[in-house]
Amino acid sequence: MNIEVKLADSVKKAISDLYGVEAQDSQIQLSKTKKEFEGHLTLVVFPFLKVSKKNPEATANEIGEYLMKNEPAISAFNVIKGFLNLTIAPAVWVEMLNGVNATENFGVKTATENAPLVMIEYSSPNTNKPLHLGHVRNNLLGFSISEILKANGNKVVKTNIVNDRGIHICKSMLAWKKWGEGCTPESTGKKGDHLIGDFYVLFDKHYKAELAELQSKGMTKEEAEAASTLMAEAREMLRLWEAGDLEVYAMWEMMNNWVYAGFDETYKMMGVDFDKIYYESQTYLEGKDKVLEGLENGVLYKKEDGSVWADLTDMGLDHKLLLRADGTSVYMTQDIGTAKLRYQDYPIDKMVYVVGNEQNYHFQVLSILLDRLGFKWGKDLVHFSYGMVELPEGKMKSREGTVVDADDLMAEMIATAKETSEELGKLDGCTPEEAFEIARTVGLGALKYFILKVDPRKNMTFNPKESIDFNGNTGPFIQYTHARIRSVLRKAAELGIELPSALPADLTLSEKEASLIQNLAAFPSVVKEAGDNFSPAVIANYVYDLVKEYNQFYHDFSILKEENESLRAFRLVLSENVARVVKTGMNLLGINVPDRM
RNA sequence: GGUCGGGUAGCUCAGCUGGAUAGAGCAACAGCCUUCUAAGCUGUGGGUCAUGAGUUCGAAUCUCAUCCUGAUCACCA
């Protein structure tokens with residue numbers, strides 16, 4: 001049993017025996033003792049003053065003495081103001097470490113037969129341009145949340161909805177047809193998604209030029225936009241696509257396939273994947289039935305012009321359009337359709353959408369609509385909303401070409417990691433393949449950790465220069481500490497030192513070691529907290545604290561030179577378990593931790 | 001203007017179910033490699049927790065107001 005739970009029970013019993021009152025769980029506040037005070041756990045006694053009818057010190061002393069007598073886990077206590085600091089007996093710590101050591105996959109639950117099924121939608125790219133920095137944050141969050149929910153015992157289905165249709169794709173197609181027909185990824189040596197993205201930018205360039213010319217002839221901006229032949233051609237292409245025109249459709253399919261090949265490469269490099277991919281071209285017509293059904297049930301209403309609306313004024317929101325007067329779908333209708341298909345495919349208990357915070361309103365509405373249309377998980381769907389990633393110079397705009405491309409960014413991170421590693425001589429004696437693998441692990445670890453350690457709700461500034469700093473609260477620092485622990489363990493194995501499966505209880509250990517065990521043992525509750533709050537940052541900051549603490553320990557003790565065999569064994573077991581938890585925690589963030597680097 | 005976020009050290013961020021003197025990292029300065037990987041460790045300086053009120057034994061944390069900032073309020077996705 002967890003020591004804090006055990007102590008909480010003892011405190012409860014103390015209150016009842018001493019004062020004849022049953023204490024509420026919320027009154028028992030046990031927290032880790034601050035490092036400037038002596039003790040391991042601190043009980044705040046203020047909530048008990050009313051029943052003890054004594055001052056804080058006297059109450060704390062009374063409870064402390066009761067615990068000393070009746071709770072064998074407590075070996076000492078001291079009182080400062082209203083705080084009762086409890087010292088836990090060394091044997092309890094050793095027992096705790098033995099418990100961690102004996103638990104396979106410590107901190108990770110596996111899904112049972114009837115575990116809830118959570119579907120997580122993330123990434124959701126458009127097929128007219130490559131992935132950029134915003135997608136990086138989305139993908140990393142989505143993947144990490146999936147891993148965290150899995151570790152909390154849920155069945156998880158990772159899904160991606162690819163926006164593969166619409167006017168933006170037609171713009172790329174038109175530009176390719178006009179100014180690049182015959183170009184392929186093979187002929188240009190470009191990744192497919194980059195090639196298509198270039199044509200999208202090209203379209204915009206020509207379109208802007210056309211508008212400028214029209215305006216120079218005296219048209220207003222609006223008139224020019226209406227008169228643009230390029231835009232008219234793009235719209236015509238979309239019409240042809242929707243009508244199933246063979247030539248347009250074939251071109252669309254070919255170009256999309258180039259893009260998918262490019263995306264696959266990016267996803268693979270990033271280390272994210274999906275269990276099921278949906279395409280909007282296959283789902284965008286699906287929502288209509290569901291909307292018409294809602295119309296029959298009276299959940300929705302029709303206006304005179306034939307358009308279909310939802311009245312959300314009772315929820316403090318507005319009226320929302322779901323079908324245009326001509327019967328075509330809008331974004332919301334498509335999301336309803338996708339939901340319908342997904343529910344046919346999987347028995348969804350909970351749905352999580354990883355989408356930027358600019359769509360908060362959309363998901364508020366979607367939740368209400370899915371609920372009213374009869375989806376049992378609609379009401380409690382989670383919009384995992386995250387803030388914008390900005391550059392120091394200002395916001396990114398894809399049409400202005402100032403976006404940070406995901407592929408370029410990853411390549412840059414890896415190159416920097418390689419450079420730094422070489423300078424420090426870390427790659428000496430590695431094969432080129434090993435060297436690249438280490439550079440990849442470190443470079444991507446830096447990127448992923450930098451992004452995931454920040455509260456997702458907050459807008460963040462991505463400073464490429466600072467992110468490549470390998471000191472401090474960074475992924476590489478954590479990876480490095482892990483590698484050093486593995487190195488010690490390797491050396492111990494070479495020396496023929498065997499690690500016992502259980503340590504004897506009669507060890508004396510330092511405050512630092514006790515504190516480390518305490519943090520280590522808290523891992524499962526950290527995983528739970530991260531799952532409850534959908535927060536990779538909770539894991540990231542926990543792992544950093546653990547590693548930081550271990551590092552101090554590491555510099556204070558020379559483990560292998562320790563002559564007391566049981567103390568040496570204890571420190572090795574402790575180190576090994578720190579390494580295990582670090583690895584598990586980092587894996588929950590989608591970050592690899594190598595054994596050597 | 002309505003709705004929803006955010007505002008903590010020069011910078012990037014933790015802490016937010018109320019608890020002790022508000023913590024890390026970066027940057028600056030000073031130390032530490034004959035010792036298991038120095039991508040490290042130790043120390044110093046740096047704060048009206050946006051502002052004001054309220055609740056409380058106790059507020060960065062909860063409530064209200066104000067200011068600043070972001071997103072959104074499309075028959076775009």
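Look up a bit, the structure's there.
What counts, and at which threshold
- Residues numbered from 1 in each chain as written.
- Chains lettered and ligands numbered in written order.
- Predicted model: local features only at pLDDT ≥ 70, side-chain atom pairs only at ≥ 80, totals over all residues.
- Heavy atoms only, no water.
- Helix = DSSP H or I, 4+ residues; strand = E, 2+ residues; numbered from the N terminus.
- Buried < 20%, exposed > 50% of the residue type's maximum accessible area, 1.4 Å probe, protein only.
- Contact = heavy atoms within 4.5 Å.
- Lys, Arg positive; Asp, Glu negative; His and termini not counted.
- Charge placed at Lys NZ, Arg CZ, Asp CG, Glu CD.
- Pairing = 2+ DSSP bridges.
- Axes fitted to C-alpha atoms, helices over the stretch in contact; angles between N-to-C directions.
- Near = heavy atom within 4 Å.
- Polar contact = N/O pair within 3.5 Å; in protein donor to acceptor, adjacent residues only side chain to side chain.
- Nonpolar A, V, L, I, M, F, W, Y, C, P; charged D, E, K, R; others polar.
- Parallel < 35°, antiparallel > 145°, perpendicular 65-115°, else oblique.
- Left-handed = near helix turned anticlockwise from the far one by under 90°.
- Right-handed = clockwise from strand over helix to strand, strands pointing away.
- Salt bridge = Lys/Arg side-chain N within 4 Å of Asp/Glu carboxyl O.
- Arc of directions from axis to C-beta.
- Phe/Tyr/Trp six-rings, centres within 6.5 Å; stacked < 30°, edge-to-face > 60°.
- Lys NZ or Arg CZ within 6 Å of the ring centre and 35° of its normal.

### Some words on the overall build of chain A
Looking only at helices and strands, one finds 23 helices and 14 strands in chain A. Judged by the C-alpha coordinates and their principal axes, chain A covers about 90 × 65 × 50 Å. Out of the 597 residues belonging to chain A, those deemed buried represent 51%. In chain A, the share of contacts with a sequence separation of at least 24, taken over all contacts with a separation of at least 6, comes to 74%. Taken as two groups, the 67 positive and 86 negative side-chain charges of chain A have centres that lie 2 Å from each other.

### Some thoughts on the sheet that holds strand β4 (residues 83–88)
In spatial order, the strands read β1-β2-β4-β3; together these 4 strands make up an open sheet with antiparallel pairing. What marks the edges here is a single partner per strand, and that holds for β1 (30–32) and β3 (74–80). On average, adjacent strands in this sheet sit at an angle of 30° to one another, irrespective of strand direction. Bridge analysis of β1 against strand β2 (residues 41–44) gives 3 bridges, and the strand direction is antiparallel.

### A closer look at the protein's contact with RNA strand B
Surveying the vicinity of RNA strand B reveals 57 residues, the closest of which are Phe83, Arg324, Asn471, Tyr480 and Ser487. Among all atoms of RNA strand B positioned within 4 Å of the protein, those belonging to sugar or phosphate total 59%. Within the side chain of Glu280, a nitrogen or oxygen atom sits 3.2 Å from a sugar or linking oxygen of RNA strand B. Interatomic distance of 3.2 Å between a side-chain N/O atom of Asn459 and a sugar or linking oxygen of RNA strand B. Secondary structure elements with two or more residues in the surface near RNA strand B: β2, β4, β14 (460–461), α19 (475–494) and α22 (536–556). Taken together, the residues that form the surface near RNA strand B break down as 22 nonpolar, 18 polar and 17 charged.

### Quick look at the pairing of β3
Sheet topology places β3 next to β4; 6 bridges connect them, and they run antiparallel. Within β4, the residue paired with Asn78 across the bridge is Asn85.

### Focus: unusual backbone geometry
A positive phi angle, close to 55°, is found at Lys53, a residue other than glycine. Note that Lys53 resides in the loop between α2 (49–52) and α3 (56–70). For Lys53, a relative accessible area of 72% puts it in the exposed group.

### Details of the sheet that holds strand β8 (residues 301–302)
The strand order across the open sheet formed by 3 strands is β8-β9-β10, and the pairing between neighbours is antiparallel. A single partner strand is all that each edge strand has here, and the edge strands are β8 and β10 (319–323).

### What about the side chain of Asn160?
In this structure, Asn160 sits in strand β6 (residues 155–162). Excluding residues that lie within four positions of it along the chain, Asn160 makes contacts with Tyr122, Ser123, Ser124, Pro125, Tyr267, Phe274, Lys276, Ile277 and Tyr278.

### Quick notes on the packing of helix α5 (residues 133–151) against helix α21 (residues 523–533)
Put simply, α5 and α21 touch, their axes get as near as 9 Å, and they point 125° apart. As summarised for this structure, α5 and α21 are arranged oblique, according to the angle between their axes. Here α5 runs over α21; the crossing is left-handed. When α5 is examined against α21, the residues Ile148, Leu149 and Ala151 are found in contact with a partner set consisting of Val527, Ala530 and Gly531. Residue classes in the contact of α5 with α21 are distributed as 5 nonpolar, 1 polar and no charged.

### Things to note about the environment of Val352
Note that Val352 resides in strand β11 (residues 350–356). Judged by its relative accessible area of 0%, Val352 is buried. With 88 residues separating them in the primary sequence, Val352 and Asp264 have C-alpha atoms 23 Å apart.

### Brief notes about the pairing of β6
Counting buried residues along β6, 7 of its 8 residues qualify, which places the element largely inside the surrounding structure. Pairing between strand β5 (residues 117–121) and β6: 5 bridges, direction parallel. Residue pairing for β6: Val118 is matched across the bridge by Val156. After leaving β5, the chain enters α5 and then returns to the sheet as β6, a path that is right-handed. Note that β6 and strand β7 (residues 276–279) share 4 bridges and pair parallel. What sits directly across from Asn160, in β7, is Ile277.

### Details of the side chain of Thr441
Residue position: Thr441 is located in helix α17 (residues 432–452). What Thr441 contacts, discounting residues up to four positions off in sequence, is Gln479, Asn592 and Pro594.

### Some remarks on the pattern of salt bridges
As enumerated under the stated definition, the model contains 31 salt bridges in all. Between Asp455 and Arg457 there is a salt bridge; the shortest N-O distance is 2.8 Å. With a relative accessible area of 64%, Arg457 lands in the exposed category. Connected through salt bridges with shared partners, the residues Glu147, Lys150, Lys158 and Asp273 form a single ionic network.

### Considering helix α13 (residues 287–296)
Where α13 is concerned, the buried positions are Gly287, Lys290, Val291 and Gly294. Burial along α13 is one-sided: seen end-on, the buried residues are contained in an arc of 100°. Buried residues belonging to α13 abut α12 (280–283), β9 (308–311), β10 and α14 (331–345). Gly298, located one to two residues past α13, shows a positive phi value of around 80°.

### Here we look at the packing of aromatic side chains
Applying the stated criterion across every chain yields a total of 21 aromatic pairs. Relative to Phe274, the ring of Tyr122 has its centre 4.7 Å away and its plane inclined at 35°; by these criteria the two rings are tilted. On the criterion of sequence distance, the pair formed by Tyr122 in the loop between β5 and α5 and Phe274 in the loop between α11 (246–270) and β7 is long-range, its members being 152 residues apart. Residue class for Phe274 comes out buried when judged on its relative accessible area of 17%. When the ring of Tyr343 is compared with that of Trp377, the centres are 6.1 Å apart and the planes differ by 65°; the resulting orientation is edge-to-face. Residue Tyr343 is found in helix α14, and its partner Trp377 is found in the loop between α15 (360–372) and β12 (382–386); the two are separated by 34 residues along the sequence. Here a set of aromatic residues connected by ring pairs shows up, and it is made of Tyr122, Phe263, Tyr267 and Phe274. Directly above the ring of Tyr278 sits Lys276, whose terminal nitrogen or CZ lies 5.2 Å from the centroid. One Lys or Arg, Arg484, reaches over the ring of Tyr554 and ends 4.3 Å from the middle of that ring.

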